[in-house]
Amino acid sequence: MSSDPAPNPHATAEQVEAARRDPKLANVLYHDWEAGSYDEKWSISYDERCIDYATGRFQLVAGSRGWPYGRALELGCGTGFFLLNLMQGGVAERGSVTDLSPGMVQVALRNATNLGLDVDGRVADAERIPYDDNTFDLVVGHAVLHHIPDVSAALREVLRVLKPGGRFVFAGEPTKIGDWYARLLGRFTWAATTQLTRLRPLRSWRRSQAELDESSRAAALEAVVDIHTFDPDELEATARAAGADGARVVTEELSAALFGWPVRTFEAAVPPGKLGMRWAMFAWRTWERLSALDAGPLGRRVPRRFFYNALVTGTKASPGPR
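Scope of this entry: the structure provided in the associated data block.

So, how was this worked out
Residues numbered from 1 in each chain as written. Predicted model: local features only at pLDDT ≥ 70, side-chain atom pairs only at ≥ 80, totals over all residues. Heavy atoms only, no water. Helix = DSSP H or I, 4+ residues; strand = E, 2+ residues; numbered from the N terminus. Rg over C-alpha atoms; globule rule 2.2 N^0.38 Å. Buried < 20%, exposed > 50% of the residue type's maximum accessible area, 1.4 Å probe, protein only. Contact = heavy atoms within 4.5 Å. Areas by Shrake-Rupley, 256 points an atom, 1.4 Å probe, with all protein chains shown as cover. Lys, Arg positive; Asp, Glu negative; His and termini not counted. Charge placed at Lys NZ, Arg CZ, Asp CG, Glu CD. Core = buried A, V, L, I, M, F, W, Y, C linked by side-chain atoms within 4.5 Å. Arc of directions from axis to C-beta. Salt bridge = Lys/Arg side-chain N within 4 Å of Asp/Glu carboxyl O. Disulfide = S-S within 2.5 Å. Axes fitted to C-alpha atoms, helices over the stretch in contact; angles between N-to-C directions. Parallel < 35°, antiparallel > 145°, perpendicular 65-115°, else oblique. Left-handed = near helix turned anticlockwise from the far one by under 90°.

Describing the overall build of the chain
Then, in step 1: When helices and strands are tallied, the chain shows twelve helices and seven strands.
Then, in step 2: By the compact-globule yardstick of 20 Å for 322 residues, the chain fits well, its C-alpha radius of gyration being 19 Å.
Then, in step 3: By its C-alpha atoms, the chain is 75 × 50 × 40 Å across when sized along the principal axes.
Then, in step 4: When burial is assessed residue by residue, the chain has 51% of its 322 residues classed as buried.
Then, in step 5: Look at the contacts in the chain between residues 6 or more apart in sequence, and 79% of them connect residues 24 or more apart.
Then, in step 6: As displayed, the chain has an accessible area near 15100 Å², and 54% of this comes from carbon and sulfur atoms.
Then, in step 7: Between the averaged position of the 38 positive side-chain charges in the chain and that of its 40 negative side-chain charges there is a distance of 5 Å.

This is the structure in structure tokens:
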């Protein structure tokens, strides 16, 4: 990290305006902005709850053969949520984290150090991964492909840095239909919560106006950094066209997303710590039960394009016999 740029968590109005025309700059500014509070905002942890979640997503799309992978790379690592929890769950032994945001790489490396994990990190563009060919056994990412301007170029880079036979797994990518209803629910919940907490009896549930204004500025950039939504069939075809063997997309979260997005938005709109552990356990257990419903009866009956999350995997071809 010594030669990497420093984080910039307080973008100027001029930088924000420039970012509206430059998705990569928007990604840097937005994620530097969010780095310090990102884990809290998305209820991210590095304990059994999120270890089970991360390894469950991996198994859903790629199974559990080949564990542990020797060296793994995470693109768009954020605070390290996906890779660090996969490593704790036994999926990979060593890790490298990359992100366009210096702030996110900094937090991810701090989290890895606190967990005692063997992880290095670099600020990097997913369309030009700064590692040699045939370096990694596994490449992963969570909610990253929809931020990358040229997804095909990024997948070609992923296959370049993978060793022959190596695998990639990307999870948490919004489908076209899922993104539509999630944003609709989020906007409604934010408006309702921020208006109701103006009322005198509910003012203790209201964040300060400065915090709400900061969230609104961040939300303005969020609309710029979220570049893509995906049709599952098209994402599968994109992975195949990039050269992936066995490209496969699965989807998840329908009822869980319809519940989860209002809950996450409500949590972001009220003061930290206001809801407490009982609320957190209620939200988590309800999400778990609804996810089981989505994976079972709904998953067998509802077309995959209606689910919120898309997960894609594939492998790099091994050289055939000469």
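Concerning the nonpolar core
Soluble globular proteins tend to bury their nonpolar side chains together.
Then, in step 1: In this structure, Phe58 and Val140 are the most contacted members of the largest nonpolar core, which totals 39 residues.
Then, in step 2: Leaving out residues up to four positions away in the same chain, Val140 has contacts with Phe58, Leu73, Glu74, Leu75, Phe82, Leu83, Leu86, Val169 and Phe170.
Then, in step 3: If you look at the next biggest cluster of nonpolar residues, it comprises 28 residues, including Phe136, Leu145, Leu155 and Ala239.

A short note on helix α10 (residues 232-241)
Then, in step 1: What α10 keeps buried is the set Pro232, Leu235, Glu236 and Ala239. Down the axis of α10, the sector holding all buried residues measures 100 degrees, keeping them to one side.
Then, in step 2: Taken together, the buried residues of α10 touch α7 (151-161), β5 (162-174), β6 (245-252) and β7 (309-315).
Then, in step 3: In the segment just after α10, Gly243 is the residue with positive phi, at about 110 degrees.

A word on the environment of Ile177
Then, in step 1: Inspection of the secondary structure puts Ile177 in helix α8 (residues 176-196).
Then, in step 2: Considering only alpha carbons, one finds Ile177 and Phe307, 130 residues apart in sequence, at a separation of 7.5 Å.
Then, in step 3: Contacts of Ile177, omitting those with residues within four sequence positions, involve Arg305 and Phe306.

With respect to the environment of Leu185
Then, in step 1: By secondary structure assignment, the location of Leu185 is in helix α8.
Then, in step 2: Residues Leu185 and Thr265 lie 80 residues apart in sequence; the distance between their C-alpha atoms is 8.7 Å.
Then, in step 3: The contacts of Leu185, once residues within four sequence positions are left out, are Leu258 and Pro262.

Looking at the pattern of salt bridges
Then, in step 1: Throughout the structure, instances matching the rule amount to 15 salt bridges.
Then, in step 2: Put simply, Glu157 and Arg160 hold a salt bridge, and the shortest N to O gap is 2.8 Å. Here Glu157 and its partner Arg160 are both found in helix α7, three residues apart, which amounts to about one turn of the helix.
Then, in step 3: On the basis of relative accessible area, Glu157 is assigned to the buried category, the value being 15%.
Then, in step 4: Taking relative accessible area as the criterion, Arg160 reaches 23% and is therefore assigned partly exposed.
Then, in step 5: With a shortest N-O distance of 2.6 Å, Asp226 and Arg183 are connected by a salt bridge. Of this pair, Asp226 sits in the loop between α9 (209-225) and α10 while Arg183 sits in helix α8, placing them 43 residues apart in sequence.
Then, in step 6: Here Arg183 falls in the partly exposed class, since its relative accessible area comes to 31%.
Then, in step 7: Ionic contacts of the salt-bridge type, sharing partners, join the residues Lys24, Asp125, Glu127 and Arg128 into one network.

Focus: helix α5 (residues 81-88)
Then, in step 1: Counted residue by residue, α5 has seven buried out of eight residues, so it is predominantly covered.
Then, in step 2: All of the buried residues along α5 are Phe81, Phe82, Leu83, Leu84, Asn85, Leu86 and Met87.
Then, in step 3: Just downstream of α5, Gly90 is the residue with a positive phi angle, here 90 degrees.

Quick look at the state of the cysteines
Then, in step 1: A complete count under the given rule lists zero disulfides for this structure.
Then, in step 2: We note that Cys50 lacks a disulfide partner, and the nearest cysteine sulfur, in Cys77, lies 16 Å from it.
Then, in step 3: A relative accessible area of 4% means that Cys77 is categorised as buried.

Looking at the packing of helix α11 (residues 255-269) against helix α12 (residues 276-301)
Then, in step 1: In contact at an axis separation of 8 Å, α11 and α12 are set at 160 degrees when each is read in the N-to-C sense. When the axes of α11 and α12 are compared, the pair comes out roughly antiparallel. Along this stretch, α11 crosses α12, giving a crossing that reads as left-handed. Side by side, α11 and α12 meet where Ser255, Ala256, Phe259, Val263, Arg264, Phe266 and Glu267 of the first sit next to Trp279, Phe282, Ala283, Thr286, Trp287, Leu290, Ser291, Leu293, Asp294 and Leu298 of the second.

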